[in-house]
Amino acid sequence: MRPPRTDAERRALHNELPNPTLFDGSPSAQGHFGSSKQASTWLEGPSPGNLSVQILDLENQLGKYVGTSPWHVVSTRRYLERKAVTIWGATLTDAYRIIVDGERFEATDRFAINRFPISLPWNLFAADDGRVFVPDPAGRRLRPGRTSGPTLLVLSDDPNGSGRLDQGINLLQAVELDEDALRAACRPPRSATLVKGETGSNFRPGFNGEIITKVVYKLDDGEIRSYLVALDTQFEIIAGGEIGPTAPSNDIPAEPDGPGRTAFYVATDVAIVKMVFDSSRRTMERRWTVQLPIRGRFGTTPTLMNTPDGERFVIAVDAKAAVVSGFNGLIAYSPDTRPNALIAVRRDDQIGGKPRVITFELPEWLGAIENSPAVRGGVAVITNYTGYLPNGLAIPPGGQAPPAKAASWGQSPDARPEFATGVLAVAYAPALDSFEILWQRPDIQYSGIATISESSNIVYGAGAEWESGMTYFYGLRLLDDANGRGGELIIREELGVAPFREPRRDRRGNFGFERSDYRFAEGEFFDAGNSLIILEDGSAIVNGGRALARIRAR
């Protein structure tokens, strides 16, 4: 029996609702289907066989130093009735547009963003009307002699709807987050100071026209207070609610929560929090908080799971190693020696009742988790993550990076020295009311977030191989028709050189990297986190940090 292919069939099976604000056609990083962060699609991706690879070198197109860029989203815009597609991306320095039109695969324009040099607020989303929203938390010179605070940029490459393919990026609006309005909505303690590097770093669409962002205040004693704030369609700040006394981590999945309400699931350092925005009452309230034994700032976006048996979870992964600096990709172990675990919270449990939690132990080899699980129905795919440099930080046996140097780089003195690989699939087992491992491949480096195509029955990903020094596009069979498991490697296509780099000692003996090490050479691919999207023509777009690849049938 074939899997359902139409939107109506798919949503009926998985209890999904479309987000009317978003373009709903590709498993892009903007939220996949319905903002649930599932990294899965019904679109058919590349099949095993005769594949071609197109490489797009972003450094040549967009300047000498592009920076990391995990986020790419597909716009709704179709040009001149030719079904040409625009893909938007954002780096530390630029938003840019890529055209995919038959054989054409080209970056055509960029728009400068004033971001902090070592922060990673790269999120963006493409609205259903063709606008693209990009955060600019470092602010812009909106008025003479004054730089703005955190700002939301509203961009378009076709503001008049002409359908022309040759237009550049236009700034439609730069929306400054007014500090007085933020304070009025959040009501922090009087002495709190707005943390601009965290505030406005990510914007997410809700299901009732609102756009939400995270706001962080710091008290005089160093304590953090974090809030979720909603803006209306005119970008006026209309509601705020406190998340908790810790900073939010990474992005936020969303779903409808009844008429006029949107639920947001926020991961913090120590908890998962359900926040609900009510558009009719214009309120943002905390529904529940689940304190979880997650080690440090685990850096993952929770993923919503709707199983065929009617269970509804929000899931995240707790691992002994966590990424502590996205800029240099260094990974640190926690001193906590508990096993790695998948944590599933029953997200429908209501206020006044503590949500029930399932904790499922994961294998020891799965050492470093930074990103979100990919989910299709009751199956989740979890991958290792090695940072932007595939070998992480190589420290001699028994050696340590000195604490002073570690603090300056945002890393732990006990950085992960080995080259991590591995991907596995788990499934919810109703009879056990727990999870089970379907298959595991510790030998393959699926670094970052995998992408599932249910129509193709393939889990797509990319990773580096130490022996060859190259990065590859992979396809693993998601489920085996005979036994319901899978894991067979059926696609392995070379993309480019993996940037294996070693740190050096300075004159004081401290480990570190030169800034020039991050100016990647032509054709180099490194793990950029949210790395892979599927297009309607069956091709896959893999992001390698400063180069993109398009893989499709010849």
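Worth saying up front: this structure is predicted, and the values here are computed from it rather than measured.

K.L.:
Let's hear about the overall build of the protein: which residues, and what values?
P.N.:
The helix and strand tally for the protein stands at four helices and 38 strands. Within the protein, buried positions represent 63% of all 554 residues. Contacts in the protein between residues far apart in sequence, at least 24 positions, make up 57% of those at least 6 positions apart. For the protein, the exposed area adds up to about 20900 Å²; of that, 48% sits on carbon and sulfur atoms.

K.L.:
Just give me the short version of the sheet that holds strand β6 (residues 104–112), but keep the residues and values in it.
P.N.:
With respect to topology, four strands assemble into an open sheet ordered β3-β4-β5-β6, the strand pairing being antiparallel. The open sheet has two free edges, formed respectively by β3 (71–74) and β6, since each of these has just one partner strand. Adjacent strand axes in the sheet meet at a mean angle of 25 degrees when their direction is disregarded. Pairing of strand β4 (residues 85–90) with strand β5 (residues 94–101), which is carried by six bridges, proceeds in the antiparallel orientation. Bridging across to β5, A90 finds its partner in A95.

K.L.:
Talk me through the nonpolar core; I want residue IDs and the actual numbers.
P.N.:
By size, the foremost hydrophobic cluster in this structure holds 23 residues, and its most contacted members are F133, L182, V215, Y217, V229, F235 and I237. At the level of secondary structure, the elements contributing two or more residues to this core comprise β9 (151–156), α3 (179–186), β13 (211–218) and β14 (224–231). Filtering out sequence-adjacent residues up to four positions away, L182 remains in contact with L177, L194, T199, V215, Y217, V229 and I237.

K.L.:
If you had to explain the sheet that holds strand β21 (residues 312–318) to someone new, which residues and values would you point to?
P.N.:
Spatially, β20-β21-β24-β25 is the arrangement adopted by the four strands of the open sheet, whose pairing is antiparallel. The sheet is open, and its two borders are formed by β20 (303–306) and β25 (357–361), each paired with just one other strand. Across the sheet, the axes of successive neighbouring strands diverge by a mean angle of 30 degrees, strand direction being ignored. In terms of strand pairing, strand β24 (residues 341–346) meets β25 through five bridges, oriented antiparallel. Looking at β25, one finds that A344 is bridged to I358.

K.L.:
Explain the side chain of S434 residue by residue, including any values.
P.N.:
With respect to the secondary-structure elements, S434 resides in strand β29 (residues 434–441). Taking the relative accessible area as the measure of exposure, S434 reaches 18% and is therefore buried. What S434 contacts, discounting residues up to four positions off in sequence, is I358, F360, A427, Y428 and A429.

K.L.:
A description of unusual backbone geometry should follow, citing residues and the corresponding values.
P.N.:
In this model, F235 sits at a positive phi of 70 degrees, which is unusual for a non-glycine residue. Position of F235 among the secondary structure elements: in the loop between β14 and β15 (237–244). Assessed through its relative accessible area of 10%, F235 is described here as buried. The phi angle at R282 is positive, at roughly 55 degrees, despite the residue not being glycine. Counting through the fold element by element, R282 comes out in the loop between β18 (271–278) and β19 (283–291). We classify R282 as partly exposed; its relative accessible area is 44%.

K.L.:
Go over the packing of aromatic side chains, please, and point to the residues and values.
P.N.:
Within the structure shown, the criterion is met by 11 aromatic pairs. Taken together, a centroid distance of 4.7 Å and an interplanar angle of 10 degrees make the contact between F125 and F133 stacked. Take F133: its relative accessible area is 2%, and that puts it in the buried class. The interplanar angle of 45 degrees and the centroid separation of 6.4 Å between the aromatic rings of F360 and F435 together place this pair among those described as tilted. Remark: F435 occurs in strand β29 and F360 occurs in strand β25; sequence separation between them is 75 residues. Of the two residues examined, F360 and F435, each falls in the buried class. Ring-pair connections join several aromatic residues into one group, and the members of that group are F313, F360, Y428 and F435.

K.L.:
Give a detailed account of the environment of I243, specifying residues and quantitative values.
P.N.:
By the secondary structure assignment, I243 is in strand β15. Each C-alpha atom, one on I243 and one on K274, is 8.4 Å from the other, the two residues being 31 residues apart in sequence. Beyond its immediate chain neighbours, meaning those up to four positions away, I243 contacts S226, Y227, L228, P248, V266, T268, V273, M275 and R286.

K.L.:
With reference to specific residues and values, describe the environment of Y217.
P.N.:
Positionally, Y217 belongs in strand β13. C-alpha of Y217 to C-alpha of C186: the two residues are 31 residues apart in sequence and 9.6 Å apart in space. Within the structure, Y217 has its side chain in polar contact with the backbone nitrogen of R183 (distance 3.4 Å).

K.L.:
Which residues make up the confidence of the model for the protein, and what values do they have?
P.N.:
Summing up the model confidence of the protein, the mean pLDDT is 77 and the portion of residues at 70 or higher is 70%. Throughout residues 325–329 the model reports pLDDT below 50, and contacts reaching past four residues in sequence, or to other chains, amount to 18 contacts. Segment residues 392–417: pLDDT under 50, and 57 contacts once partners within four positions in sequence are set aside and those in other chains are kept.

So, how was this worked out
Residues numbered from 1 in each chain as written. Predicted model: local features only at pLDDT ≥ 70, side-chain atom pairs only at ≥ 80, totals over all residues. Heavy atoms only, no water. Helix = DSSP H or I, 4+ residues; strand = E, 2+ residues; numbered from the N terminus. Buried < 20%, exposed > 50% of the residue type's maximum accessible area, 1.4 Å probe, protein only. Contact = heavy atoms within 4.5 Å. Areas by Shrake-Rupley, 256 points an atom, 1.4 Å probe, with all protein chains shown as cover. Pairing = 2+ DSSP bridges. Axes fitted to C-alpha atoms, helices over the stretch in contact; angles between N-to-C directions. Core = buried A, V, L, I, M, F, W, Y, C linked by side-chain atoms within 4.5 Å. Phe/Tyr/Trp six-rings, centres within 6.5 Å; stacked < 30°, edge-to-face > 60°. Polar contact = N/O pair within 3.5 Å; in protein donor to acceptor, adjacent residues only side chain to side chain. pLDDT = per-residue confidence, 0-100.

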